[in-house]
Amino acid sequence: MSTERRIETEVVVPATPEQAWEAIATGPGITAWFMPAEVEGRVGGSVVHHFGGEASSSGKVTAYDSPRRFAYEEELALGEGEAARPIATEFLVEARSGGTCVVRVVMSGFGEDEAWEQAIESFSSGWRQALLSLRLYLTHFRGEPVGSINAGDTVAGDEDALWAELTRALGLPAAPRNGDRMATSGSGVPQLAGKVEESDGQMITLLLDEPARGIGLIAVGGPGDEVFTMVRAQLFGPDARELARREQKSWTAWFAAHGADAARS
């Protein structure tokens, strides 16, 4: 497999390598900052990520060297009729002083054409945001009970226009400033509020205080022709799972009733 075309990003987290490993290389750990996942912790084992609804991806573990290196490989095709390519994702953990460590993600195996250029850009921004969520989790919520919200829609269209329509439908600014507090608003819009940790193009990451303490993501994007409009959140605390189940139903209903129409209007 070619490793010439690759993306690489990293984050410093307030954790030991063992604590970081628990977050990046186990199903419960990944679920707490990324998306619901299962990991069979051995070389040759499976990795499954659940995007919401019936959508999921699966891969095979190619390295499981605790607490330093976790890697897996997935087949990825960018559109109908396109041949799938094996894409490798690798997490590397390196201890630093002061009880911190660096978590680095390397992704490789991309094709050469314009569609793959778009995919590289999408995965690059996606992993930067994901590692921000990892840092927020390890800073504020490590080890707490978690419940996941994962809702959205898949449409075709221009990402800028879709982002403008999604944020308008949610009653949110399209380009908030880092550090601002913002909250969804409007008839029938589920509650989501907190401090903007990062606003980057068609992606907002929140440190939530409503409907509970947690991490929130509102985003538009994707590596292929179809565009994902999404709201994701991890809620923390003793009642997080029950609350997340209720909120998941509300967000699923909202996207079913309003999300696609808003994105296409």
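Residues numbered from 1 in each chain as written. Predicted model: local features only at pLDDT ≥ 70, side-chain atom pairs only at ≥ 80, totals over all residues. Heavy atoms only, no water.

**Q** How should the overall build of the protein be read in this particular structure?
**A** The number of helices and strands found in the protein is five helices and 13 strands. C-alpha extents for the protein along the principal axes are approximately 50 × 45 × 30 Å. Looking at the protein as a whole, 52% of its 265 residues are labelled buried. The contacts of the protein with a sequence gap of at least 6 include a subset with a gap of at least 24, amounting to 54%. Surface exposure of the protein reaches about 12300 Å², of which carbon and sulfur atoms provide 47%. Both charge centroids of the protein, one from 23 positive and one from 39 negative side chains, sit 7 Å from each other. (Helix = DSSP H or I, 4+ residues; strand = E, 2+ residues; numbered from the N terminus. Buried < 20%, exposed > 50% of the residue type's maximum accessible area, 1.4 Å probe, protein only. Contact = heavy atoms within 4.5 Å. Areas by Shrake-Rupley, 256 points an atom, 1.4 Å probe, with all protein chains shown as cover. Lys, Arg positive; Asp, Glu negative; His and termini not counted. Charge placed at Lys NZ, Arg CZ, Asp CG, Glu CD.)

**Q** Please explain the nonpolar core as it appears in this structure.
**A** Where a protein is soluble and globular, its nonpolar side chains tend to be buried together. In terms of nonpolar packing, the biggest core is built from 46 residues, with Val 13, Trp 33, Phe 91, Val 103, Trp 127, Leu 134 and Tyr 137 touching the most fellow members. Only β1 (6–13), α1 (17–24), β5 (69–76), β6 (85–95), β7 (101–108) and α3 (114–140) provide two or more residues apiece to this core. Per-element accounting of this core gives the leading share, 12 residues, to α3. Counting residues in hydrophobic clusters, the runner-up holds 29 residues, among them Trp 163, Met 182, Ala 212 and Val 220. (Core = buried A, V, L, I, M, F, W, Y, C linked by side-chain atoms within 4.5 Å.)

**Q** Can you walk me through the sheet that holds strand β12 (residues 214–221) in this structure?
**A** Strand pairing in a sheet relies on backbone hydrogen bonds, with the paired strands running either antiparallel or parallel. Overall, antiparallel pairing links the six strands, which are arranged β8-β13-β12-β11-β10-β9 in an open sheet. Across the chains shown, the open sheet's two edge strands, defined by having one partner strand only, are β8 (146–155) and β9 (181–183). On average, adjacent strands in this sheet sit at an angle of 25° to one another, irrespective of strand direction. Pairing between strand β10 (residues 193–199) and strand β11 (residues 203–210): six bridges, direction antiparallel. Note that in β11 the partner of Glu 198 across the bridge is Thr 205. Most of the contacts of α3 go to β11, to which it runs at about 20°, and overall it touches β10, β11, β12 and β13 (227–236). Against the sheet, helix α4 (residues 159–170) touches β8, β11, β12 and β13, its axis set at about 140° to β12. (Pairing = 2+ DSSP bridges. Axes fitted to C-alpha atoms, helices over the stretch in contact; angles between N-to-C directions.)

**Q** Looking at this model, I keep getting lost on α1. Mind explaining?
**A** Residue pairs spaced three or four apart in an α-helix point in one direction, given the helix's 3.6 residues per turn. Where α1 is concerned, the buried positions are Pro 17, Ala 20, Trp 21, Ala 23 and Ile 24. Take α1 and look down its axis: the buried residues cluster within an arc of 160°, on one side only. (Arc of directions from axis to C-beta.)

**Q** Would you explain the environment of Met 182 in this entry?
**A** Looking at where Met 182 falls in the secondary structure, it is placed in strand β9. Spatially, the C-alpha atom of Met 182 lies 8.5 Å from that of Leu 192, the residues being 10 residues apart in sequence. Dropping the residues within four chain positions of it, Met 182 is found in contact with Leu 172, Pro 173, Pro 176, Leu 192, Ala 193, Gly 194, Val 196, Ile 204, Leu 206 and Ile 218.

**Q** Hey, could you run me through unusual backbone geometry in this one?
**A** It is generally the case that most residues other than glycine have a negative phi and that most peptide bonds are trans. For the bond running from Ser 66 to Pro 67, omega is -5°, close enough to zero to count as cis. Of note, Pro 67 is situated in the loop between β4 (55–65) and β5. Between Glu 210 and Pro 211 the backbone carries a cis peptide bond, its omega angle lying at 5°. By secondary structure assignment, the location of Pro 211 is in the loop between β11 and β12.

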